[in-house]
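Working through the structure, step by step
The primary structure of each chain is shown beneath.
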Amino acid sequence: MPLLVMKFGGTSVADLARIENAAKKVQKEVERGYDVIVIVSAMSGKTNELVGWVETTSKLYDAREYDAVVSSGENVTAGLMALRLQEMGVPARSWQGWQVPINTTSAHSSARFVDIPRANMDAKFAEGFKVAVVAGFQGVSHEGRITTLGRGGSDTTAVAFAAAFGAERCDIYTDVDGVYTTDPRITDKARKLDKIAFEEMLELASLGAKVLQTRSVELAMRYKVRLRVLSSFEDTDEHSGTLVCDEEEIMESKVVSGVAYSRDEAKMTLVTVEDRPGVASAIFGPLAEAGVNVDMIVQNISEKNYGTHTGAVTDMTFSCPVNQVARAQKAMEDARAAGLITYDDLAVDTDVAKVSVVGIGMRSHAGVAATMFKALAAENVNIKVIATSEIKISVLIDRKYMELAVQALHDAFELDKAV
């Protein structure tokens with residue numbers, strides 16, 4: 001039988017009524033002739049509640065016991081979904097991570113997949129079961145301990161099962177009806193995309209779009225798993241939602257496919273760093289060790305005298321999430337105290353946002369940067385930092401102009417219009 005993977009997020013299974021609604025969607029796919037693997041998240045809010053219980057019980061908790069507790073939310077949903085399907089006459093059973101087994105590394109709360117053997121689940125499908133309801137977000141280490149994959153891990157679980165079982169498609173049911181050209185809350189001109197390439201979706205996810213978890217898109221791109229994003233609260237058919245697929249499946253696309261933003265960014269500048277071989281390593285090595293997620297990097301070199309400095313000095317600017325600023329400051333202060341680097345000042349701006357345009361068409365079309373910068377200039381939006389890749393251009397701007405910038409770029413690239 002053809003196989004389909006369906007994933008339901010926390011809002012889609014928030015209560016018994018929504019679990020029943022999700023089960024009806026699964027039943028329809030069974031009636032269409034599919035065997036179905038259903039991946040479920042914990043009911044909305046449950047994981048936060050479980051995390052709170054752990055932190056209240058033990059401030060310096062054992063990560064293995066943390067995983068044992070927080071993974072239980074998915075177990076409850078899986079059991080309830082299986083029961084509801086059984087009541088509807090659909091042969092179904094629930095599976096916890098260790099029962100499949102979903103083999104992972106031992107990095108508790110951030111485990112990664114090792115493999116997903118098919119034998120146990122294939123045997124149950126051969127016995128006549130039509131649906132396997134799998135608890136997402138979890139697995140088992142080689143030591144036999146429950147592991148979790150980190151927030152958003154159920155999306156990654158769904159893609160991993162689709163790859164392991166050669167599924168025809170992986171449907172991600174959520175509270176939105178697809179992937180939009182930008183956030184519809186910022187502009188009512190945002191348009192739902194019928195298709196988007198893996199690379200574009202990966203860039204959008206990493207740049208702030210919350211529709212899909214970044215690791216899930218990486219995995220889908222690696223194994224060519226066709227993803228479909230669609231709403232669990234609307235009637236759907238084979239044409240609903242947005243298909244995330246290989247670039248070859250898209251006949252024509254606009255030069256720019258979407259505008260993404262990240263509100264909580266910070267810009268940090270090391271002023272008058274001695275310019276010498278190895279200075280970048282001396283800066284970004286300690287930042288990496290401190291767990292700071294550095295994004296955009298700009299280096300300015302000058303052959304001038306600055307105070308006590310002679311010869312080449314550099315100002316090194318980088319961006320990071322605003323909640324990692326304190327860690328970054330300490331890492332730089334410690335590096336200076338250890339004699340790894342010298343600098344006169346560390347300037348911090350925590351009132352910036354990142355706005356990006358993304359599109360595979362940028363590979364073969366000139367003028368995207370000019371259009372972007374002209375649109376921002378027309379709105380008097382000053383650009384603080386620019387970073388580019390083959391299919392994206394990102395800028396740091398003052399946060400108060402973020403929504404204006406998104407709207408201006410959406411209009412400039414006419415994203416409200418289809419190809």
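Predicted model, so just to flag it, every value in this text is computed and none were measured.

Considering helix α7 (residues 198–206)
Counting buried residues in α7 gives 7 out of 9 residues, a clear majority hidden from the surface. Inspection of α7 places F198, E200, M201, L202, E203, L204 and A205 among the buried residues, and these make up the whole buried set.

Here we look at the pattern of salt bridges
Any two side chains of opposite charge can pair if their charged atoms end up close together. Scanning the entire structure with this criterion turns up 24 salt bridges. One salt bridge connects E49 with K46, and the closest N-O pair in it is separated by 2.6 Å. A residue pair is termed a helical-turn pair when its members lie 3 or 4 positions apart in one helix, as E49 and K46 do in helix α2 (residues 46–57) at 3 residues. On the basis of relative accessibility, which here comes to 32%, the residue E49 falls in the partly exposed class. Exposure remark for K46: the relative accessible area of 30% places this residue in the partly exposed category. With a closest N to O distance of 2.9 Å, R145 and E65 form a salt bridge.

Observations regarding the environment of L85
With respect to the element layout, L85 can be found in helix α4 (residues 72–87). Once you skip the residues sitting within four places of it in the chain, L85 turns out to touch A23, V26, V90, A92, V131 and V133.

As for the state of the cysteines
The tally for this structure, following the rule as stated, stands at 0 disulfides. Between C245, a cysteine without a disulfide, and C170, which holds the nearest cysteine sulfur, the sulfur-to-sulfur distance is 14 Å. A relative accessible area of 0% places C245 in the buried class.

Reading the values: rules and limits
- Residues numbered from 1 in each chain as written.
- Predicted model: local features only at pLDDT ≥ 70, side-chain atom pairs only at ≥ 80, totals over all residues.
- Heavy atoms only, no water.
- Buried < 20%, exposed > 50% of the residue type's maximum accessible area, 1.4 Å probe, protein only.
- Helix = DSSP H or I, 4+ residues; strand = E, 2+ residues; numbered from the N terminus.
- Salt bridge = Lys/Arg side-chain N within 4 Å of Asp/Glu carboxyl O.
- Contact = heavy atoms within 4.5 Å.
- Disulfide = S-S within 2.5 Å.

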